[in-house]
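Letter by letter, the chains look like this.
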Amino acid sequence: MATSSLHLQYYGVNVKPNLLPVTLPLRTKLFINNHETTPSSSLKVTCKSSSDVLEKHVIENGKHVTSEDENRKSYTCVMKFGGSSVASAERIMEVATLVMSFPQEIPIVVLSAMGKTTNKLLLAGEKAVSCGVTNVSCIEELSFIKDLHHRTVDQLGVDRSVIEKHLEELELLLNGIAMMKELTKRTQDYLVSFGECMSTRIFAAYLNKLGVKARQYDAFEIGFITTDDFTNADILEATYPAVAKRLNGDWLSDPAIAIVTGFLGKAQKSCAVTTLGRGGSDLTATTIGKALGLPEIQVWKDVDGVLTCDPNIYPKAEPVPFLTFDEAAELAYFGAQVLHPQSMRPAREGDIPVRVKNSYNPKAPGTLITKERDMSKAILTSIVLKRNVTMLDIVSTRMLGQYGFLAKVFSIFEDLGISVDVVATSEVSVSLTLDPSKLWSRELIQQELDHVVEELEKIAVVNLLQNRSIISLIGNVQQSSLILEKAFCVLRRLGVTVQMISQGASKVNISLVVNDTEADECVRALHEAFFETKLQRDYTNGNGYVAKSS
Ligand SMILES: Nc1ncnc2c1ncn2[C@@H]1O[C@H](COP(=O)(O)OP(=O)(O)O)[C@@H](O)[C@H]1O
Ligand SMILES: N[C@@H](CC(=O)OP(=O)(O)O)C(=O)O
C-alpha cells in the first residue's frame, strides 16, 4: 500500500496524526509528504506513524472525520507531572507543549495538584476546625486556592465552569468542617482531593482547547481501589485489571489522551476518597504503567532527575544517570523526597523502566530506573538524609543466651503499630530507629513514645534518643569496605560520632545514625568526598583508597 507522511503542527509543535482533533484549530499546519496543505481541503491519507503503524485519516472540509490505525494500539507511556510542573498557567502551557512534543507517544498523563495546593488545603482544613462557620470564607488559604485556579483558567483561556463546582463544593466542605469543629482523616482526604480534581480538569480542558483530544479521569472513579487507611492508603490488586479495562476500553471506543488525578483512590470498604500518602502521584503513575503493561513510565519533576543528594542540603548535587528499582526504592524509603516510597513496587513487578525527567529542562537526560544496571564501576549512587528520627537502645535485662528477646521487642512494635526503620542487633541488645515523619498524618507524639518505652522496659533497659538523623549511603554494597572506609575517614575528620550503623538486606544501603545538628555538614562533606574527588588505590603507603582531587 502506498503511504504518505502526514504530520501536523500546532503553534510550531509537531503532533501525532492519530491525535488529530475533529476540528482542526486555527494556526494548525498540515503537512502531507512534507508539503504544507490547507486544512480546509478534503482528503484521504494513509500514513505511517513514527512507530510504523499504518493509519488512515479522512479530512473533509477542514474536519478530521476519522483516524484509524490498521493495527491500532493503545497508550504508549505514562507521563506524571508533579505540583511544581503545573504550578501556574505558564507551566501548564509548557507541560502541554511537552506532552505534544513526543509524536511517537500516546500518553496517559497523571497530574498532581497545582504547586502547593495540597499544603494550602490541609492548612485551610485545620483553620476551619477552629475559625467558626462565619469566618470560613475569610480563610487565607481558601482565597489563595480560588485566586490561583481562577487566574490559571483565565490565563489559559479555559472556561471557569471547569472548576467552579469544585471551588463551591470546597467552600461547603470547609463550612462543614467548621460546623463540626472536627477534621477526620477521611475528611482530610476528601479535602485534599480537590487539588488534583481541579488541576486535571484544567489541563484536559486546555488540551482540548488546543485541539488535542483529552479526557479527564478521577482515579477514584476508574478503579483505583485502596485500603481504608485514610491519608496513607495502599493500592489493592483489584486496581490493575479495573484500571486497564476502563482506560483501554475508552481508548478503543473513543481515542483521547487520558488525564488522570494522581494521589487519589477509593476505599474498598467505605467507598470514600482516599490518598496514597504525600507525593503519591508517582505511585498512581507506576500503577497505571503496570496495569496497562506500558513500555515506559515518565516522572517529570523540577530537578534533572534523581540527584546525588538533596539539592536543598547541597546545591552541588548532580544527576544520577542510572538506578535500579532497589536503589530507587531504598532512596525513596530513606527520605529522598523525589520519589514516593512505594512507587517503585508496581514498576518493579511489571518490569517497566521509570524515567525521572525535569519539566523545566526537558533536554536533560534525567535518570533511568530499571531492574538491573551495570554495577561494575558503581561505588556510591546517592546520599540520603532523614531528619528528626527517634532512636532506641534496648538492652535485655536477662542473661546472655536468652532466646526470643528480639521477637518480644518486635512484637511490641507490631502491637503498637509502629514501624521501625534501621536496626542493629547483638544477642542481648538492639538499637533501632523509629520514623516520626514517615506518615504525614501519624506523628509519633511524646505520649506514644512514652508508651513504647513503658512496654519495652518490662523486658529491657531502654534509652530513648531523639533528634537523630539517618544518613543512608545508597550504592554498590559489593564496595562496602571502600564506602565505609571513606565515609568514616570523612566523619572522623569532622569529629562526628556515629551512633549506629546498619547494612540493609537489600544490599544497596548502608545507614549511619548521627545527631540532627551534625547531619547537614556530614552530607556535604560525604558528597565532596564521594562525588567531587577521584577514588584511587594507593598501594605504596598501604593506606588503601585515598581521595585525590580530580
Ligand atoms: N536525591 C534527590 N534527588 C532529586 N531531588 C531531591 C532529592 N532529594 C530531595 N529532592 C527534592 O525533591 C524535589 C522533587 O520532588 P517533588 O517536590 O515531590 O516533585 P514533584 O512535586 O514535581 O513531584 C526536588 O525539587 C528536590 O528539592
Ligand atoms: N499533591 C499531592 C500528591 C503529589 O504527588 O504531589 P507532588 O507530585 O507534587 O509531590 C502532594 O502534595 O502530596
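Residues numbered from 1 in each chain as written. Chains lettered and ligands numbered in written order. Predicted model: local features only at pLDDT ≥ 70, side-chain atom pairs only at ≥ 80, totals over all residues. Heavy atoms only, no water.

Visitor: So what exactly am I meant to see when it comes to the sheet that holds strand E13 (residues 264–267) here?
Guide: Across a sheet, strands are paired by hydrogen bonds formed along the backbone, either parallel or antiparallel in direction. Pairing is mixed in the open sheet, where three strands are placed in the order E11-E13-E14. Each of the sheet's edge strands pairs with one partner strand only, and the pair in question is strand E11 (225–226) and strand E14 (273–275). Across two bridges, the pairing between E11 and E13 is parallel. Bridge pairing in E13 places Ile225 opposite Lys266. Sitting on the sheet, helix H5 (residues 185–210) touches E13 and E14, and the angle it makes with E14 is about 80 degrees. (Pairing = 2+ DSSP bridges. Helix = DSSP H or I, 4+ residues; strand = E, 2+ residues; numbered from the N terminus. Contact = heavy atoms within 4.5 Å. Axes fitted to C-alpha atoms, helices over the stretch in contact; angles between N-to-C directions.)

Visitor: Explain the side chain of Thr117 to me, please; I cannot follow it from the model alone.
Guide: Along the chain, the position of Thr117 falls in helix H2 (residues 117–131). If we ignore the near neighbours within four places in the chain, the residues touching Thr117 are Ile145, Leu148, His149 and Gly195.

Visitor: Where do I start with the environment of Val260 in this structure?
Guide: Examined against the element boundaries, Val260 turns out to sit in strand E12 (residues 257–261). Taking C-alpha positions, Val260 is 28 Å from Phe334, a pair spaced 74 residues apart along the chain.

Visitor: When you look at the packing of H2 against helix H4 (residues 161–180) in this model, what are you seeing that I'm missing?
Guide: Geometry of a packed helix pair, given as the angle between the helix axes and the separation of the axes. Where H2 meets H4, the closest approach of the two axes is 7 Å, and the angle between their N-to-C directions is 40 degrees. Considering their axes alone, H2 and H4 lie oblique with respect to each other. When the axes of H2 and H4 are compared, the crossing they make is right-handed. Contacts between H2 and H4 pair Leu121, Ala124, Gly125, Ala128 and Val129 from the former with Leu170, Leu174, Ile177 and Ala178 from the latter. (Parallel < 35°, antiparallel > 145°, perpendicular 65-115°, else oblique. Left-handed = near helix turned anticlockwise from the far one by under 90°.)

Visitor: Is there a simple way to think about the site of ligand 2 in this case?
Guide: Taken together, Lys80, Gly82, Gly83, Ser112, Ala113, Thr118, Glu196, Phe263, Arg278, Gly279, Gly280 and Ser281 are the residues near ligand 2. A distance of 2.7 Å separates an oxygen atom of ligand 2 from a polar side-chain atom of Arg278. Here an oxygen atom of ligand 2 sits 3.3 Å away from a polar atom, N or O, in the main chain of Gly280. When ligand 2 is considered free in solution it has 340 Å² of accessible area, and contact with the protein chains removes 84% of it. A class-by-class count of the residues in the shell around ligand 2 yields two nonpolar, seven polar and three charged. (Near = heavy atom within 4 Å. Polar contact = N/O pair within 3.5 Å; in protein donor to acceptor, adjacent residues only side chain to side chain. Areas by Shrake-Rupley, 256 points an atom, 1.4 Å probe, with all protein chains shown as cover. Nonpolar A, V, L, I, M, F, W, Y, C, P; charged D, E, K, R; others polar.)

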